[in-house]
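Secondary and tertiary structure notes
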Protein chains: 2
Amino acid sequence: VADPDWLELPSDSPFGLENLPYGVFSLGSGARRMGIAVGEYVLDVAAVADRLSPALLDVVARPTLGALLAAGRQRWREVRARVRDWLTDPAARGVVAPHLIDRTGVDLHLPFEVADYVDFYSSAHHAENVGRIFRRDQPPLLPNWRHLPVAYHGRAGTVVVSGTPIARPYGQYKVPGQELPDFGPTRRLDIEAEVGFVVGPATDLGRRVTPAEFDDLVFGVCLVNDWSARDIQSWEYVPLGPFQGKSFATSVSPWIVPVDALQAARVEAPPQDPPVLAHLNQSPRWTFDITLALDLNGHRIAEPPFATLYWTPAQQLAHLTANGARLRTGDLFASGTVSGPQRYQYGSLLELSWNGQQPIELPDGTARSFLLDGDRVTISATAPGPGGSVIGFGEVSGEILTANG
Amino acid sequence: VADPDWLELPSDSPFGLENLPYGVFSLGSGARRMGIAVGEYVLDVAAVADRLSPALLDVVARPTLGALLAAGRQRWREVRARVRDWLTDPAARGVVAPHLIDRTGVDLHLPFEVADYVDFYSSAHHAENVGRIFRRDQPPLLPNWRHLPVAYHGRAGTVVVSGTPIARPYGQYKVPGQELPDFGPTRRLDIEAEVGFVVGPATDLGRRVTPAEFDDLVFGVCLVNDWSARDIQSWEYVPLGPFQGKSFATSVSPWIVPVDALQAARVEAPPQDPPVLAHLNQSPRWTFDITLALDLNGHRIAEPPFATLYWTPAQQLAHLTANGARLRTGDLFASGTVSGPQRYQYGSLLELSWNGQQPIELPDGTARSFLLDGDRVTISATAPGPGGSVIGFGEVSGEILTANG
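What you see is a predicted model, and the numbers here were worked out from it, not measured in a lab. (Residues numbered from 1 in each chain as written. Chains lettered and ligands numbered in written order. Predicted model: local features only at pLDDT ≥ 70, side-chain atom pairs only at ≥ 80, totals over all residues. Heavy atoms only, no water.)

**Here we look at the overall build of chain A**
For the record, the criterion: In this description a helix means any DSSP run of H or I spanning at least four residues, a strand means any run of E spanning at least two, and both kinds are numbered starting from the N terminus. We take the radius of gyration over the C-alpha atoms and set the globule estimate at 2.2 Å times the residue count to the 0.38 power. Only protein chains enter the area calculation, which uses a 1.4 Å probe; residues under 20% of their type maximum are buried, those over 50% are exposed, and those in between are partly exposed. Between two residues, a contact is recorded if the distance between any of their heavy atoms is within 4.5 Å. The Shrake-Rupley method, run with a 1.4 Å probe, gives the accessible areas here. Residue values count only the displayed protein chains as cover.
Within chain A one finds 10 helices and 26 strands. Over its C-alpha atoms chain A spans a radius of gyration of 21 Å, differing by no more than 12% from the 22 Å that the globule rule assigns to 405 residues. Overall size of chain A, expressed as C-alpha extent along the three principal axes, is 70 × 50 × 35 Å. The proportion of buried residues among the 405 residues of chain A is 62%. Of the contacts formed within chain A by residues at least 6 apart in sequence, a portion of 71% connects residues at least 24 apart. By element, 50% of the accessible surface of chain A is carried by carbon and sulfur atoms, the whole surface being about 14300 Å².

Next up, the structure:
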């Protein structure tokens, strides 16, 4: 892992040469361009490709990642290899350096057009916590939970990039003890700290994807905050699942970390008991060693460990297509709330405050069961890279605005 | 209602001059073009506009309806008025006639890119039937049902045009009495006869739409068959709703009937008790008088009446955005299964066969509880037009193929 001196990348940079995540940026009122985060910079990919690797222009000279996503793994590797060449070849410095832009000065955009958005429910700790909170007289996990990765379709059109303010949503909820529901701003606005996976090439209708195809079909990984209005959700969700309690906004991080950057982050996934049916069998059973960090108004409240999830991303992908549903370029599937076994590892306020029974104390002396107007939530993450390096995911953040009247 | 002689349109034509539904067609290996169904023909809209109304070309010279959908109601009316001029002005005959193509010779395509697909559950008769079948010890309607139009997000990427064969999906299901689930072809493949609504202009994130905005925001109406694998659905759907039991395919009719063509089809909607909360209040409370027809292998098995639905399309639209979720051009929301009070008005085999207890007898001597391989399902519909004319919706059809091994 040799960083070129001229980039002055510290060896523990979350955006070092082993990462090279993709995003879409603009400068001032300029057009959107593909960028790669490196150190404190964003690399204007098309500008350099135009000089050094014009064969890449058809996928990189675009205002969105879509063409690159669709191009497939061989092309992903080719682009990644060329970009590493640019950043490590001293002879390229003169061409590359003018196109390294201070990242603090750019606007970051939703990096791809979300086709379908699917949200899983893959953490046993999270599902058990939810069961213990809401169904105290029943086993915490429902009968289907250990047999398939439960999921639902969310609203692709309200996936927004990190930094987009989140207006507290209105909705219908029923206050316990009242006869009739009310309509008003949610009183129980929550976070769900998740990891998202971005699909590259499309598949044909009718084809089941196997877990082993993950590397060919998934381009990269991002962070997701699946904002949830618990009071709206609990009133509406029987029998067709969450709808208005989730569909007002889902925030994603602006940098898509390539799956190829996470080779050193692969670890064995937790055992599954009972054994899963053949279409969900994954061998070897790997997942990603990604540690999330959840900050509320700048105060760290949890560090959820992705590797503890019962269902792996490769199993999620296989389940998504088990019925022959096709994948489209830009499909986004998220893990569901990442919660580990310890309280400090829970990925939602519902769990962290145990449904309001144990509010979180913040350093400013206030306490939170759910989010207040003005609260700022940031989810960040890291994973191990090769040779002791760190792969950073940047962050997904959002500030809660007062509900629109 | 004056039909020009040269078109030789019978006064009861489902595709008369009062209808003029939009679709996308191709001829042989030719490019996709916007078409309007009239009589037995499809009108090549861009070809005529190029000669007679070039100001329309920016929205009609396209391989999809997207630009027209986005253009808004004033533009929809302008295009519609010009097309009626072309078809009724004898002086235009020479230009128009060469661009009226025999409809039996064209390929019809998905007419717009589906943004988000939402499926409602708005028939009280259907919801009560489902409740009576599956929850015999409880009230047939769940507590939230009369307070909000229950809905879920479906998979936009598997919305297919009429005529697309439907491979019997695999999935996970648990046979009653067995300890563990199986994975295999669904044994309970069903139909849901629905009406779909196509959104035109996008709205901003955070804005709630009122029922009164329906005419400005909804471009047109189509037919939907929301194919459902009941065994997969019933095993997976708690707690996050239907997923693999629905996401393998949803078929839509190729012709989008403009909302403007359905002015004479507006009727008073059924009363609601208890009164709905203010954001769902619709006054006057109207719906569309659309009568569906459900044919199985050419045999009519049901005629579900859309006007009986408890929740109207305008209320569905308002609920969809009650939390500030934005609309995008090409959003498709469907009514949910249309079932009337009589058995012959039920819109699913689940209800028609009462979960297999009363199989349907077909003229060939066979019976059906659910669909068999080789079965062909067709949903068609009509609504009243002005002056005794008929507005046809064409059909949405699909044949069941043996499951992919």
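**Regarding the relation of the copies chain A and chain B**
Condition: Copies overlap after least-squares fitting; the atoms used are the C-alpha atoms of residues with pLDDT of at least 70 in both.
Each copy of the sequence occupies a distinct position, and chain A is placed on chain B by a rotation of 180 degrees and an axial shift of 0.0 Å, giving an RMSD of 0.0 Å. Classification of the inter-copy transformation places it as that of a two-fold axis. Measuring from the rotation axis to each C-alpha of chain A, the shortest distance belongs to G241 of chain A, at 2.0 Å. Mapped onto chain B, 100% of the interface residues of chain A are again interface residues, and the two copies thus contact each other with one and the same surface.

**Things to note about the interface of chain A and chain B**
Which entries qualify depends on this criterion: Put simply, a salt bridge is a Lys or Arg side-chain nitrogen that is within 4 Å of an Asp or Glu carboxyl oxygen. The term polar contact refers here to a pair of N or O atoms within 3.5 Å; inside protein, the definition further demands a hydrogen-donor-capable atom paired with an acceptor-capable atom, and it admits residues adjacent in sequence only when both atoms are side-chain atoms. Under the scheme applied, nonpolar residues are Ala, Val, Leu, Ile, Met, Phe, Trp, Tyr, Cys and Pro; charged residues are Asp, Glu, Lys and Arg; polar residues are all the others, including Gly.
Listed by partner, the interface residues are 58 residues for chain A and 58 residues for chain B. Along the contact surface separating chain A from chain B lie 2 salt bridges. Of the charged contacts, one joins D331 of chain B and R155 of chain A as a salt bridge, the two residues approaching to 2.8 Å between their closest N and O atoms. The interface formed by chain A and chain B holds 31 residue pairs in polar contact (both at pLDDT 80 or more) in total. When contributions to the side of chain A that touches chain B are tallied by element, the ones reaching two or more residues are β7 (151-153), β8 (159-161), β10 (170-173), β11 (182-185), α8 (230-236) and α9 (313-320) of chain A. Residue contributions to the side of chain A that touches chain B peak at 3 residues, all from β7 of chain A. Here the side of chain A that touches chain B is composed, by residue class, of 32 nonpolar, 17 polar and 9 charged.

**Re the pattern of salt bridges**
All names here are of chain A. Inspection of the entire model under this criterion finds 42 salt bridges over all chains. Across the salt bridge formed by R368 and D375, the nearest N and O atoms sit 2.7 Å from each other. Given a relative accessible area of 5%, R368 falls into the buried group. Residue D375 is classed as buried on the basis of its relative accessible area of 2%.

**Details of helix α9 (residues 313-320) of chain B**
An α-helix turns once every 3.6 residues. As a result, residues three or four positions apart point the same way. Residues and elements named next belong to chain B. Within α9, 8 of the 8 residues are buried, which leaves it mostly tucked inside the rest of the structure. For α9, every residue scored as buried is listed here: P313, A314, Q315, Q316, L317, A318, H319 and L320. Buried residues along α9 sit against β6 (117-120), β13 (193-199), α7 (214-217), β14 (218-225), β19 (286-288) and β22 (332-334).

**Notes on the environment of I290 of chain A**
All names here are of chain A. Mapped onto the fold, I290 is located in the loop between β19 (286-288) and β20 (291-296). On a C-alpha basis, the gap between I290 and A265 in space is 7.3 Å, while along the polypeptide they are 25 residues apart. Leave out the neighbours within four places in its chain, and I290 touches V195, V221, P304, P305, F306, A307, A381, T382, A383 and F393.

**A short note on the nonpolar core**
Put simply, the rule reads: Grouping buried Ala, Val, Leu, Ile, Met, Phe, Trp, Tyr and Cys residues that are joined through side-chain atoms within 4.5 Å yields what is termed a nonpolar core.
Counting residues in each nonpolar core, the largest one holds 78 residues, and the members touching the most others are F214, I290, F333 and F393 of chain B. Excluding its chain neighbours within four sequence positions, the residues that come into contact with F393 of chain B are F15, V221, L223, S253, W255, V257, L262, I290, A381, T382 and A383 of chain B. In this structure, Y121, V259, W286 and L320 of chain A belong to the second largest nonpolar core, which totals 77 residues.

**Looking at empty space enclosed by the protein**
Residue and element names in this part refer to chain B. So the rule is basically this: Whether a set of points on the 1 Å grid over the protein atoms alone is a cavity depends on a 1.4 Å probe fitting there but being unable to get out, while an open set qualifies as a pocket with protein on both sides within 12 Å along at least five of seven lines; lining residues are those with an atom within 4 Å of a point. Grid points are joined across faces, edges and corners, and a volume is the space filled by probe spheres set on the points.
With the rule as written, the count across this model stands at 8 cavities of 30 Å³ or more. Taken as a whole, the largest cavity holds about 80 Å³ of empty space. Contributing to the lining of the largest cavity are Y22, R73, W76, R80, D215, V218, F219, P258, V259 and D260. Elements that contribute at least two residues to the lining of the largest cavity include exactly α4 (73-88) and β14. Broken down by element, the lining of the largest cavity gets its largest block of residues, 3 residues, from α4. Per-class residue counts for the lining of the largest cavity are 6 nonpolar, no polar and 4 charged.

**Examining helix α1 (residues 45-52) of chain A**
Here α1 of chain A has its buried residues at V45, A46, A47, V48 and A49 of chain A. Packed against the buried residues of α1 of chain A are β2 (33-38), β3 (41-44), α2 (57-60), α4 (73-88) and α5 (93-96) of chain A.

**Remarks on the pairing of β10 of chain A**
Strand residues, when the strand is regular, have side chains that alternate between the two faces of the sheet. Residue and element names in this part refer to chain A. To be explicit about the condition: Strands were regarded as paired on the criterion that DSSP finds at least two bridges between them.
Side chains Y170 and Q172 of β10 all project onto a buried face; the interleaved residues G171 and Y173 project onto the opposite face, where all are buried too. One ladder, built from 4 bridges, connects β10 with β11; its direction is antiparallel. Paired with Q172 across the strands is F183, a residue of β11.

**Concerning the confidence of the model for chain A**
For any part of a model where pLDDT is low, the fine detail of the predicted coordinates should not be relied upon. All names here are of chain A. Selection criterion: Scored from 0 to 100, pLDDT records how confident the predictor is in each individual residue.
Looking at chain A as a whole, its pLDDT mean stands at 96, while 99% of the residues score no less than 70. Mean pLDDT values over the elements of chain A span from 95, in α5, up to 99, in strand β13 (residues 193-199). Among the scores for the predicted complex, ipTM is 0.97 and pTM is 0.97.

**Section: the packing of aromatic side chains**
Note the threshold: Side-chain rings of Phe, Tyr and Trp (the six-membered ring for Trp) are treated as a pair once their centres are within 6.5 Å; stacked means planes under 30 degrees apart, edge-to-face means over 60, and tilted covers the remaining angles. Two limits define a charge over a ring: the Lys NZ or Arg CZ must be within 6 Å of the ring centre, and within 35 degrees of the ring normal.
In the structure shown here, the tally under the stated rule is 30 aromatic pairs over all chains. Relative to F219 of chain A, the ring of Y22 of chain A lies with its centre 5.4 Å away and its plane at 55 degrees, an arrangement referred to as tilted. Of the two residues, Y22 of chain A sits in strand β1 (residues 22-26) while F219 of chain A sits in strand β14 (residues 218-225), which places them 197 residues apart along the sequence. Comparing Y22 of chain A with F219 of chain A shows no difference in burial state: the two are buried. Among the aromatic side chains, those forming a connected cluster through ring pairs are F120, F197, F214, W286, F288, F306 and F333 of chain A together with F243 of chain B. Taking the ring centre of W286 of chain A as reference, the NZ or CZ of R266 of chain A above it sits at 3.9 Å.

**Structural notes on the sheet that holds β2 of chain A**
All names here are of chain A. As a reminder of what qualifies: To obtain an axis, a line is fitted to C-alpha atoms, over the contacting stretch when the element is a helix, and the angle between two such axes runs from 0 to 180 degrees between their N-to-C directions.
Strand order in the open sheet formed by 5 strands is β4-β3-β2-β1-β5, with antiparallel pairing between adjacent strands. Whereas interior strands pair on both sides, the edge strands pair on one side only; in this sheet they are β4 (100-102) and β5 (107-109). Across the sheet, the mean angle from the axis of one strand to that of its neighbour is 50 degrees, orientation sign disregarded. Bridge analysis of β3 against β4 gives 3 bridges, and the strand direction is antiparallel.

**Some remarks on the sheet that holds strand β26 (residues 390-401) of chain B**
All names here are of chain B. If you trace the 5 strands from one edge of the open sheet to the other, you get β9-β26-β25-β20-β21, paired in mixed fashion. Of all the strands in the sheet, the pair left with one neighbour each is β9 (166-167) and β21 (299-302). As judged from the 2 bridges shared by β9 and β26, these two strands associate in the parallel manner. When the sheet's bridge partners are listed, I166 is paired in β26 with I400.

**Describing the environment of D373 of chain A**
All names here are of chain A. You can see D373 is positioned in the loop between β24 (367-368) and β25 (376-384). When the C-alpha positions of D373 and L189 are compared, they lie 9.6 Å apart, and in sequence the two are 184 residues distant. When neighbours within four sequence positions are excluded, D373 is seen to be in contact with R168, I400, L401, T402 and A403. A polar side-chain atom of D373 sits 2.6 Å from a polar atom in the side chain of R168.

**Let's talk about unusual backbone geometry**
Residue and element names in this part refer to chain B. At the junction of V238 and P239, the peptide bond is cis and its omega measures out at 10 degrees in the coordinates. At the junction of D273 and P274, the peptide bond is cis and its omega measures out at 5 degrees in the coordinates. Its place among the elements puts P274 in the loop between β18 (266-268) and β19. The backbone of L20 shows a phi angle near 55 degrees, a positive value even though the residue is not glycine.

**So, the side chain of R285 of chain B**
Residues and elements named next belong to chain B. How we decide: A positive count includes Lys and Arg, and a negative count includes Asp and Glu. His and the chain ends are not counted in either.
Counting through the fold element by element, R285 comes out in the loop between β18 and β19. Look at R285: it is buried, it has no salt bridge, and the nearest opposite charge is E268 at 7.1 Å. A polar side-chain atom of R285 sits 3.1 Å from a polar atom in the side chain of Q272. Ignoring any residue separated from it by four or fewer positions in sequence, one finds R285 in contact with V267, E268, A269, P270, P271, Q272, Y310, T312 and Q315.

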